[in-house]
Amino acid sequence: MRSFLKDAEEKQESDHRIQQWISEITNISYDTMSILEDFTLKIEETDDKKLGFLDRLHICACICRKQGKSVDIYRKRETYGITNIGGNGDGSSHPNSNSRLIVKAFRRATSYVDEEKIFVGFEDVIDKLVEEILKDEPRRSTLSILGMGGLGKTTVARKLYNSPALLEEFGYRAWVCVSQEYSIPDLLRTIIKSFKKGVSKEELELLDKMNVEDLERELRKTLEKRRYLVVVDDVWHKEAWQSLKRAFPDCKNGSRVIITTRKKDVAIGTDDKCFVHELRFLTQDEGWELFTKRLSCNDDYRNWCSFTMLDVGKEMVQKCGGLPLAIIVLGGLLAHKTKLQEWQKVKDHLWRRMKNESIEISPLLSLSYNDLPSELKQCFLYLGMFPEDYLISAEKLMWFWMAEGLIQGPEEIEDIAEDYLNELIDRNLIQVTKRYWGKIFKIRIHDLLRDLAVEKAMEVRFFSIYDTYKSATPYSSRRCAIHNHIETTLSKDLPNKMLRSILIFRTEYEIVGGSVLKSICQNFKHLCTLDLEDFRFGHDVSLECIGNLIHLRYLGLTNTFLSVFPKSIGKLKSLQVLEAMLGDYVSYQVPTELSKLVNLKHILCRMEGHVNLGSLTNLRSLRYVNCDFWTQTDTTNLINLQELAIERIDQSIQLDSISMLKNLRTLFLATFHH
């Protein structure tokens, strides 16, 4: 079935019947997994010996019905002209083997695109805007960067924000993304946190209770007599800036606000004497320079690109109309295609979609998506679950992929996931925003590419998004993203009790009761991914019900008010990732039952208690463990540990046990000062 799906995906663009066939196959596979998981749940809830004959017969009957339905769908392939192009058709070859070879072939010496090296055409703009910002003008003034999507507004703003000249002048800085849907209280809280550079738990609780007027006063108090720089990125409505404007005091000390927007009325309406810079399109020479720089990110294009290929490339770049995003994506698409006929094929496809003698960005983005191997397509679609302009943890994203079963292969799935991430970056489908210790730390997806991911995901019912600012996606899927007002959303009767993934965003300032957690754990027992980061529970909430989710592979509890793990956590035998970071040096009380989770690979949690970590033989990363806790650990069996972070180290402590960790790649040590 997998090999037929590879052929079907190539044909679905031209035949919606094939798209329906793919959807039916996907649903059958999910249904089959759900039946098997139901069987596991039955055994977990009752002793296997007590599972009666009729119970077993009922489960077998369900499997037989699904099998019959699978056969019917399988036969439809002949009607749709779907052939077996992958493997030998008997399922003996590994389903990912071809794609893995493709991905490996795509990889170059450099695994990501360095924006600094491909920044073209706006150098003079940066100098001009820095000069404007540093003018001897004491009043607080606003600078607006105006331009269509994909023109580089955020890139220019980021260059200004990190400019050495501005870093020297403005010690107080903050960056906030507004987007189309926004909450003024949440934006104000984000700005306050950014300026304060670290907010205590008590201050967070206080901010949670403040209304808009209180928050405005708090921000004005924070910025009083300070010279500050604020970037308000991606403003769609002038009302958003007018609502924020009152909170920024004008202390006549040269403070500045930078706004990026696609709307002219927003740009010119920010201030009485605002400075508006409208970004231009790149010239033909600049467009070609940007394209060739992108081709040379990993290898000088002149080493493999023929003159005829370059002529074809120039025609395509010219049709991009000087739009940087279009040129970058085109370069990412062609960078791994080393044959003239491959470039010609891309050109022919784009020319068929061309309107008014110029290329539209959407066909180019769609072509880049369709060019992905099937496994990478699903990984790209997953990015659509994150809110617009969201800074995504690269590590967490890969853990989500693994928990969802999107990463499979004969090698370590962590390594495969990293390959996939690098490939999406190399194709310019996602952008690196922050690196830490040489590793990719934070990424983002351009809103036009996110729109593409959401559009394609809707076609195949890959996920549902619940957003009170928009209408919810009108169908049942196996993945659910909640972007705000979680208690309201989860109090509804969600259509699919077979949900495998719940991701919750923008909840940092919403305190909810334990009934929400109880509802999740009782109603969605097939969950394999549950991320509750910033899910602010009341102090009296217990995690005891979490033991119901026996299929859980990823559990995210970072920045919640919870600080005690229940004994029921020992039931999560499938758990691979436990992420539960609180504030600095704030620990979770962990029961001994945690040592039963032998499938755990990654623990990000400061722990207190008597847990035998030595039994977790699959552990690959452990952050951030207290030194006293570590010295009590038998490290003999931690043969797979690759990343270790130990805190609160006293100078008299001996850490000889670290020498036994033969596969250790990263070691972080933090001393403790009395």
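Here is what the cut-offs are and how they apply
Residues numbered from 1 in each chain as written. Predicted model: local features only at pLDDT ≥ 70, side-chain atom pairs only at ≥ 80, totals over all residues. Heavy atoms only, no water. Salt bridge = Lys/Arg side-chain N within 4 Å of Asp/Glu carboxyl O. Helix = DSSP H or I, 4+ residues; strand = E, 2+ residues; numbered from the N terminus. Buried < 20%, exposed > 50% of the residue type's maximum accessible area, 1.4 Å probe, protein only. pLDDT = per-residue confidence, 0-100. Contact = heavy atoms within 4.5 Å. Axes fitted to C-alpha atoms, helices over the stretch in contact; angles between N-to-C directions. Parallel < 35°, antiparallel > 145°, perpendicular 65-115°, else oblique. Left-handed = near helix turned anticlockwise from the far one by under 90°. Nonpolar A, V, L, I, M, F, W, Y, C, P; charged D, E, K, R; others polar. Pairing = 2+ DSSP bridges. Expected span 1.5 Å × (residues − 1). Arc of directions from axis to C-beta. Polar contact = N/O pair within 3.5 Å; in protein donor to acceptor, adjacent residues only side chain to side chain. Phe/Tyr/Trp six-rings, centres within 6.5 Å; stacked < 30°, edge-to-face > 60°. Lys NZ or Arg CZ within 6 Å of the ring centre and 35° of its normal.

**Some remarks on the pattern of salt bridges**
According to the stated counting rule, one finds 26 salt bridges in the structure shown. Salt-bridge contacts for R139 lead to E137; the nearest nitrogen and oxygen are separated by 3.8 Å. A salt bridge links D371 to R427; its shortest N-O distance comes to 3.1 Å. Of the two residues, D371 sits in the loop between α17 (361-370) and α18 (374-382) while R427 sits in the loop between α20 (413-426) and β7 (431-436), which places them 56 residues apart along the sequence. For D371, a relative accessible area of 25% corresponds to the partly exposed category. A residue is classified by how much of its surface remains accessible, and R427, at 3% relative accessible area, is buried. Residues participating in the shared-partner salt-bridge network are K337, D371, E423 and R427.

**As for the confidence of the model for the protein**
Summary statistics for the protein give a mean pLDDT of 80 and a share of 76% for residues scoring 70 or more. Per-element confidence in the protein is highest for helix α19 (residues 394-403), whose mean pLDDT is 96, and lowest for helix α4 (residues 97-106), whose mean pLDDT is 42. Segment residues 85-113: pLDDT under 50, and 58 contacts once partners within four positions in sequence are set aside and those in other chains are kept.

**Overview of the environment of C605**
Looking at the secondary structure, you find C605 in the loop between β18 (602-604) and β19 (607-608). Each C-alpha atom of the pair C605 and A580 lies 5.0 Å from the other, and the pair is 25 residues apart in sequence. Excluding its chain neighbours within four sequence positions, the residues that come into contact with C605 are F565, A580, M581, Y588, R623 and Y624.

**Observations concerning unusual backbone geometry**
The residue after R623, namely Y624, is reached through a cis peptide bond having omega -15°. Relative to the helices and strands, Y624 is located in strand β20 (residues 621-626). Positive phi is not limited to glycine here, since K225 has a value of about 65°. By relative accessible area, which is 74% here, K225 ends up exposed. Of note, R461 is a non-glycine position whose phi angle comes to about 55°, a positive value. With respect to the helices and strands, R461 occurs in the loop between α21 (447-459) and β9 (464-466).

**Examining the packing of helix α8 (residues 184-196) against helix α11 (residues 238-245)**
Running from amino to carboxyl end, α8 crosses α11 at an angle of 50°, the nearest separation of the two axes being 11 Å. With respect to α11, the element α8 is oriented oblique. Seen from above, α8 lies across α11 with right-handed handedness. On the side of α8, the interface is formed by I184, L187, L188 and I191, while α11 contributes A240, S243 and L244. Tallied by class, residues from the contact of α8 with α11 come to 6 nonpolar, 1 polar and no charged.

**Re the pairing of strand β8 (residues 439-444)**
Pairing of strand β6 (residues 392-393) with β8, which is carried by 2 bridges, proceeds in the antiparallel orientation. For S393, the partnering residue across the bridge sits in β8 and is K442. As judged from the 5 bridges shared by β7 and β8, these two strands associate in the antiparallel manner. Paired with V432 across the bridge in β8 is I443. Adjacent in sequence and paired antiparallel, β7 and β8 are bridged by 2 residues, among which W437 carries a positive phi angle near 55°.

**Looking at the environment of V230**
Position of V230 among the secondary structure elements: in strand β3 (residues 228-235). Distance from V230 to I258, taken between C-alpha atoms, is 6.2 Å for residues 28 residues apart in sequence. When residues no more than four places from it in sequence are discounted, the contact partners of V230 are A174, F195, F248, R256, V257 and I258.

**Describing helix α16 (residues 340-352)**
Here α16 contains 13 residues, and its C-alpha end-to-end distance of 19 Å stays within 8% of the 18 Å for a straight helix at 1.5 Å per residue. Listed as buried for α16 are W343, V346, K347 and L350. The arc that holds every buried residue of α16, seen down its axis, measures 95°, which confines them to one face. Within α16, the exposed residues directed more than 90 degrees away from the buried face are Q341, K345 and R352. Close packing links the buried residues of α16 with α13 (284-295), α14 (307-319), α15 (324-334) and α17.

**Looking at the packing of α13 against α14**
To describe two helices that pack against each other, one gives the angle between their axes and the distance between the axes. Look at α13 against α14: their axes get within 10 Å of each other, and the N-to-C directions meet at 120°. In terms of their interaxial angle, α13 and α14 are classed as oblique. The chirality of how α13 crosses α14 is right-handed. Facing α13, whose interface residues are Q284, G287, W288 and F291, α14 presents L310, G313, K314, V317 and Q318. A per-class count over the contact of α13 with α14 returns 4 nonpolar, 4 polar and 1 charged.

**A short note on the side chain of E216**
With respect to the helices, strands and loops of the structure, E216 is situated in helix α10 (residues 212-223). Here the side chain of E216 touches R246 through a polar contact of 3.2 Å, side chain to side chain. Discounting residues that sit within four places of it in the chain, E216 has contacts with L188, S243, R246 and A247.

**Things to note about the sheet that holds strand β2 (residues 172-179)**
One open sheet accounts for 5 strands, arranged β2-β3-β4-β1-β5; its pairing is parallel. Every interior strand has two partners, whereas the edge strands, β2 and β5 (275-278), have only one. Within this sheet the neighbouring strands show an average axis-to-axis angle of 15°, counted without direction. The pairing of strand β1 (residues 141-146) with strand β4 (residues 256-261) spans 6 bridges and is classified as parallel. The residue of β4 that forms the bridge with I145 is T260. Packed onto the sheet, α8 meets β2 and β3 and runs at close to 155° relative to β2.

**Details of the sheet that holds strand β21 (residues 643-649)**
Taking strand neighbours across the sheet as the criterion, the 10 strands line up as β9-β10-β11-β13-β15-β16-β18-β20-β21-β22 in an open arrangement whose pairing is parallel. Of all strands in the sheet, those bounded by a partner on one side alone are β9 and β22 (666-671). Neighbouring strand axes in the sheet, compared pairwise and without regard to direction, differ in orientation by 10° on average. When strand β15 (residues 554-556) meets strand β16 (residues 577-579), the two strands line up parallel, connected through 3 bridges. Across the sheet, the residue bridging to L555 is L578, located in β16.

**Looking at the packing of aromatic side chains**
Per the counting criterion, the structure on display carries 19 aromatic pairs. Taking the centre distance of 5.8 Å and the plane angle of 80° together, the rings of Y624 and F668 count as edge-to-face. Residue Y624 is located in strand β20, and its partner F668 is located in strand β22; the two are separated by 44 residues in the primary sequence. An aromatic cluster of at least three residues, connected via ring pairs, comprises Y382, F386, Y390, F400, F462, F463, F505 and Y554. Between the NZ or CZ atom of R173 and the centre of the ring of Y161, over which it lies, the distance is 4.0 Å. A cation over an aromatic ring shows up here: K377 above the ring of Y369, its NZ or CZ 5.7 Å from the ring centre.

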